[in-house]
Amino acid sequence: MDIYEPLQQVSMWGDSFKVEGGLNSIASPMLLVNTTTSMENKSEYIPHEPSEPSEVNQETTNKDVSKVLRRLAQNREAARKSRLRKKAYVQQLETSRLKLMQLELEIGRARKQGMCTDNALDTTFMGSPETINPVGIVAFEIEYGNWVDENHRRNEELRNVFQANASEVQLGQVVQNVLNHYTDLFRLKAEAAKADVLYLISGVWKPSVERLFLWIGGARPSQLLNLIVPQLDPLTEQQLASIKKLHLSSQQAEDALSQGLEKLQQSLVQDMAVDPFSATNHGFQMAIAIRKFEALESFVSQADHLRRETLIYMSRILSTHQAARGLIALGEYFHRLRTLGSRWTSRPCDSVISPRITP
Amino acid sequence: MEKVMRLATEKGVVIFTKSSCCLCYAVNVLFQEVGVYPVVHEIDKDPDCKEMEKAIKRLGCNAPVPAVFIGGRLVGSTNEVMSLHLSGSLIPLLRPYRM
């Protein structure tokens, strides 16, 4: 019988793609449905009138066949995507493994230098070498790479749903999906800040062009608003007023945080620029400085808090439709910056001697 | 606790800070940007610093400093102040106390 062959194929594919748990769960209910129908064919319906039940069976069989074919196509697509994702993940792992080896070398070198150069340093105040977590940073780089890919995928999904004129409820769900994903990024950054706040705040993990606009480890919230608002015509008078207020509050908050950070920087300079001829304990100065680096964590946290709240309040001011447009524009902007960055780093160098810059 | 409450109710806008805390400085700057000049108490210069920290925590503030009181009531720390400001609710709260 025809229906048995597709069934066999489904179970084979279910076995070979164990990575995708979803595939197995799609395959099994189909097996159940079809086996019960065939069982009924063999045992139960034979004693009864054959004509009516067999017509019904023929209809359900045709429906089942097309369902199975559709499921097979979906399985193939899902398997293909799974293979692509796995390939991308493995590539990222390879890059990160190399970076990890480099970092370990650097740390080994730095430690040797630290121990040899200054004997006057009281090493108990230096802070344990475990304070910097290179594995945490490498993990962050992998996760950030994944986040960027997922962000691109969610923005594409939003764009598709938006252009398909979906219901407001459906669009709202996808908008919330994208907003939640930005929250995930801030959580990732918080963990990275705990591992090494200086690394995070330097923005070295961001594409080079984005670093131009860096403000405390990310984009300025007011700048995000400047990106989104021009895409949102027409806006009501009330919306314009609310947006203007949000923009002003955001700028004031940014200003306050910037001034606080400046004060921290000044005090760090004062800590480290002690009289070189004085007999003060440098190790003690350094311990104070290290505690101030830890205070940086709270500044990054506040900056990310501002970014998150700005996006949330903005989405409340706007209609679902407008919020979707705004988020799509935001995603597209960062995607373009990234592309611009790649073009910049891969531009041909004029001089043959000068080294090629690798991202 | 009484000391904290007494100081918190002395004036309209009171912030408890520590002299080394730059985030406290940032919150103070924010208030000044909206035209308010809070009374600042540096609790690390106070002999009762530890008790005051505990009292602030018991009142529900998730960080000992900065602790912001408006009209004698605890508003919160930096997170709460920033959220209030972005949502547009901070300025109405401060209206009676603006210069």
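Treat the numbers as computed from the prediction; the structure is a model and nothing was measured.

Participant: Teacher, can you tell me more about the overall build of chain B here?
Facilitator: Each helix and strand counted, chain B has five helices and four strands in total. When the elements of chain B are put in sequence order from the N terminus, they spell out α-β-α-β-α-β-β-α-α. Buried residues in chain B amount to 47% of all 99 residues. Excluding contacts between residues fewer than 6 apart, the proportion of contacts in chain B whose partners are at least 24 apart in sequence is 61%. Only carbon and sulfur atoms are counted for the fraction: they give 51% of the accessible area of chain B, which is about 4,700 Å².

Participant: Would you mind going over the interface of chain A and chain B with me for this structure?
Facilitator: Interface extent is often summarised as the accessible area lost during association of the parts. In this assembly, 20 residues from chain A lie in contact with 16 residues from chain B. Together chain A and chain B conceal approximately 1,700 Å² of surface at their shared face, both sides included; 66% is due to carbon and sulfur atoms. Three residues, Gln252, Lys263 and Gln302 of chain A, lead the burial of chain A against chain B; their summed loss comes to 29% of the area buried on that side. On the surface where chain A and chain B come into contact, there are zero salt bridges. Taken together, the links from chain A to chain B amount to seven residue pairs in polar contact (both at pLDDT 80 or more). Mapped by element, the contributors of at least two residues to the side of chain A that touches chain B are α8 (237–272) and α9 (282–317) of chain A. Sorting elements by how many residues they give to the side of chain A that touches chain B places α8 of chain A first, with twelve residues.

Participant: Sorry, what's going on with the confidence of the model for chain B here?
Facilitator: Reading predicted coordinates in detail is not appropriate for stretches of low pLDDT. On average, residues of chain B score 92 in pLDDT, and 100% of them reach the 70 mark or higher. For this predicted complex, the interface score ipTM comes out at 0.94, alongside a pTM of 0.69.

Participant: Can you help me understand the sheet that holds strand β2 (residues 39–42) of chain B in this one?
Facilitator: Note on sheets: strands pair through backbone hydrogen bonds, and any given pair is parallel or antiparallel. Residues and elements named next belong to chain B. Here we have four strands laid out as an open sheet, ordered β2-β1-β3-β4, and mixed in their pairing. Each edge of the open sheet is held by one strand with a lone partner, namely β2 and β4 (73–76). Sheet twist, expressed as the mean angle between neighbouring strand axes with direction ignored, is 25°. Inspection of the sheet shows strand β3 (residues 67–70) paired to β4 by three bridges, in the antiparallel sense. Paired with Phe69 across the two strands is Leu74, which belongs to β4.

Participant: Help me out: how do you make sense of a positive patch on the surface in this one?
Facilitator: On the surface, Lys63, Lys67, Arg70 and Arg71 of chain A cluster together into a positively charged patch. With respect to the secondary-structure elements, Arg71 of chain A resides in helix α3 (residues 51–117).

Participant: I'm lost on the pattern of salt bridges in this one. Help?
Facilitator: Two side chains that carry opposite charge are able to pair once their charged atoms sit near each other. All names here are of chain A. Going through the model one piece at a time under the given rule, you end up with 19 salt bridges over all chains. In this structure, Arg80 and Glu77 form a salt bridge, with 2.9 Å as the shortest nitrogen-oxygen distance. Residue Arg80 and its partner Glu77 are both found in helix α3; the two are separated by three residues, about one turn of the helix. On the basis of relative accessibility, which here comes to 40%, the residue Arg80 falls in the partly exposed class. In this structure, Glu156 and Arg159 form a salt bridge, with 3.8 Å as the shortest nitrogen-oxygen distance. Of this pair, Glu156 and Arg159 both sit in helix α4 (residues 134–163), separated by three residues, roughly a single helical turn. One continuous salt-bridge network, built from bridges that share partners, spans Glu156, Arg159, Glu332 and Arg336.

Participant: Please explain helix α1 (residues 2–10) of chain B as it appears in this structure.
Facilitator: For an α-helix the count is 3.6 residues per turn, leaving residues at separations of three or four pointing the same way. Residue and element names in this part refer to chain B. Turning to α1, its buried residues number three or more, namely Val4, Leu7 and Ala8. What you see down the axis of α1 is that its buried residues fit within an arc of 100°, all on one side. Taken together, the buried residues of α1 touch β1 (13–17), β2, α3 (49–58) and β3.

Participant: Before we go on, may I ask you to explain the packing of aromatic side chains in this structure?
Facilitator: This structure, assessed with the given rule, holds eight aromatic pairs over all chains. The interplanar angle of 75° and the centroid separation of 5.2 Å between the aromatic rings of Tyr333 of chain A and Phe334 of chain A together place this pair among those described as edge-to-face. Take Tyr333 of chain A: its relative accessible area is 25%, and that puts it in the partly exposed class. Each member of the aromatic cluster is reached from another via a ring pair, and the members are Phe140, Tyr144, Trp147, Tyr182, Tyr199 and Trp205 of chain A. Positioned above the aromatic ring of Tyr25 of chain B is the side chain of Lys263 of chain A, whose terminal nitrogen or guanidinium carbon lies 4.9 Å from the ring centre. The ring of Trp344 of chain A is capped by Arg347 of chain A, whose NZ or CZ atom sits 3.7 Å from the centre of that ring.

Rules behind the numbers
Residues numbered from 1 in each chain as written. Chains lettered and ligands numbered in written order. Predicted model: local features only at pLDDT ≥ 70, side-chain atom pairs only at ≥ 80, totals over all residues. Heavy atoms only, no water. Helix = DSSP H or I, 4+ residues; strand = E, 2+ residues; numbered from the N terminus. Buried < 20%, exposed > 50% of the residue type's maximum accessible area, 1.4 Å probe, protein only. Contact = heavy atoms within 4.5 Å. Areas by Shrake-Rupley, 256 points an atom, 1.4 Å probe, with all protein chains shown as cover. Buried area = accessible area lost by both parts, 1.4 Å probe. Salt bridge = Lys/Arg side-chain N within 4 Å of Asp/Glu carboxyl O. Polar contact = N/O pair within 3.5 Å; in protein donor to acceptor, adjacent residues only side chain to side chain. pLDDT = per-residue confidence, 0-100. Pairing = 2+ DSSP bridges. Axes fitted to C-alpha atoms, helices over the stretch in contact; angles between N-to-C directions. Patch = residues over 30% accessible without salt bridge, like charges linked within 9 Å, V, L, I, M, F, W, Y side chains within 5 Å. Lys, Arg positive; Asp, Glu negative; His and termini not counted. Charge placed at Lys NZ, Arg CZ, Asp CG, Glu CD. Arc of directions from axis to C-beta. Phe/Tyr/Trp six-rings, centres within 6.5 Å; stacked < 30°, edge-to-face > 60°. Lys NZ or Arg CZ within 6 Å of the ring centre and 35° of its normal.

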